[in-house]
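Chains, contacts and geometry: an overview
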Amino acid sequence: MNSFTRSTLILASLIFVSCDQHPVDFDQAKKEILAMHHAQRDFHFGKDSIAFLNQLSEDFISVNRGEITRPKREETLSRYNSYFSSVEFVKWDDLADPIIRFSDDGSIAYTIVDKIVEVTYQDENGETQTGQTHFAWTAIYRKTEEGWKIECVTSTNE
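A few points on the structure. (Residues numbered from 1 in each chain as written. Predicted model: local features only at pLDDT ≥ 70, side-chain atom pairs only at ≥ 80, totals over all residues. Heavy atoms only, no water.)

1. Overview of helix α4 (residues 73-86)
So the rule is basically this: Segments assigned H or I by DSSP are reported as helices when at least four residues long, segments assigned E as strands when at least two residues long, and all are numbered from the N terminus. Multiply 1.5 Å by the residue count of a helix minus one, and that product is the helix's expected span. Relative accessibility thresholds used throughout: buried, under 20% of the residue-type maximum; exposed, over 50%; partly exposed, between the two (1.4 Å probe, protein chains only). By construction, the arc corresponds to the directions joining the helix axis to the C-beta atoms. In this analysis, two residues are considered to be in contact whenever any of their non-hydrogen atoms come within 4.5 Å of each other.
For α4, which comprises 14 residues, the first-to-last C-alpha distance of 20 Å matches the rise-based estimate of 20 Å (1.5 Å per residue) to within 8%. Burial in α4 covers these residues: T76, Y80 and F84. Buried residues of α4 fall within an arc of 60° about the axis and therefore sit on the same side. Opposite the buried face of α4, by more than 90 degrees, sit the exposed residues E74 and S85. Elements in contact with the buried residues of α4: α2 (26-45), α3 (49-53), β1 (56-64) and β3 (88-94).

2. What to know about the side chain of K115
Basically, it comes down to this: For this analysis, a polar contact is any N or O atom pair within 3.5 Å, provided that within protein one partner can donate a hydrogen and the other can accept it, and provided that sequence-adjacent residues contribute only side-chain to side-chain pairs.
Its place among the elements puts K115 in strand β5 (residues 108-122). Exposure remark for K115: the relative accessible area of 1% places this residue in the buried category. Here the side chain of K115 touches D94 through a polar contact of 2.6 Å, side chain to side chain. Filtering out sequence-adjacent residues up to four positions away, K115 remains in contact with H37, W92, D93, D94, L95, T133, H134, F135 and W137.

3. Some details on the pairing of strand β6 (residues 128-144)
Looking along a regular strand, one sees the side chains alternate between the two faces of the sheet. The criterion, for reference: Think of it this way: DSSP has to see at least two bridges between two strands before they count as a pair.
As paired elements, β5 and β6 share 15 bridges and run antiparallel to each other. Across the sheet, residue I116 finds its bridge partner in β6, namely H134. Once β5 ends, the chain turns through five residues before running back antiparallel as β6, passing G126 with a positive phi of about 80°. One ladder, built from 10 bridges, connects β6 with strand β7 (residues 147-157); its direction is antiparallel. Paired with T138 across the two strands is T154, which belongs to β7. Linking β6 back to β7 in an antiparallel pair, the connection comprises two residues.

4. What to know about the side chain of H44
Residue position: H44 is located in helix α2. On the basis of relative accessible area, H44 is assigned to the buried category, the value being 5%. Polar contacts involving the side chain of H44 include one to the side chain of W92, which spans 3.4 Å. Setting aside chain neighbours within four positions, we find H44 in contact with F52, Y83, F84, F89 and W92.

5. Examining the nonpolar core
We apply this condition: Here the nonpolar core consists of buried residues drawn from Ala, Val, Leu, Ile, Met, Phe, Trp, Tyr and Cys, with membership extended through side-chain atoms lying within 4.5 Å.
Membership of the largest hydrophobic core comes to 26 residues, with the highest contact counts inside it found for F89, Y141, W148 and I150. Among the secondary structure elements, those contributing two or more residues to this core are α2, α3, β1, α4, β3, β5, β6 and β7. No other element matches the five residues that α2 contributes to this core. Setting aside anything within four residues of it in sequence, one finds F89 in contact with H44, F45, Y83, F84, V117, E118 and V119.

The structure is reproduced here in structure tokens:
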């Protein structure tokens with residue numbers, strides 16, 4: 001074998017090996033996404049704004065009520081604190097198991113969620129009121145060195 005052929009074979013082997021990625025354990029990734037999803041319920045009932053915020057990426061995007069926003073972390077924390085302190089959660093329950101899909105390389109995932117949220121709150125007269133909303137949303141997750149982070153949520157409600 002001449003040196004040109006040998007060099008070509010070595011180069012081709014190196015390219016092949018460098019393209020060989022570790023296989024993605026999609027079952028484990030699904031468990032991780034579901035664990036985050038279920039933790040969100042605990043964060044709502046426990047009024048843990050910080051833990052909830054920590055699931056979001058630094059570049060988080062929200063699509064809600066016809067608006068696309070990129071809220072700063074301080075704004076998001078303030079909004080969660082305000083919301084959590086103004087209600088008591090009665091339900092934050094899935095109506096169906098979340099649908100979870102992954103990109104082929106396992107670096108991106110999304111969930112489609114169908115949820116009923118019921119809260120009690122004090123109205124302007126100090127009377128306890130109950131409110132219930134049926135929400136549906138899509139959350140997009142990105143795998144990072146720190147684990148999964150939520151990149152974007154697009155939410156609707158009835």
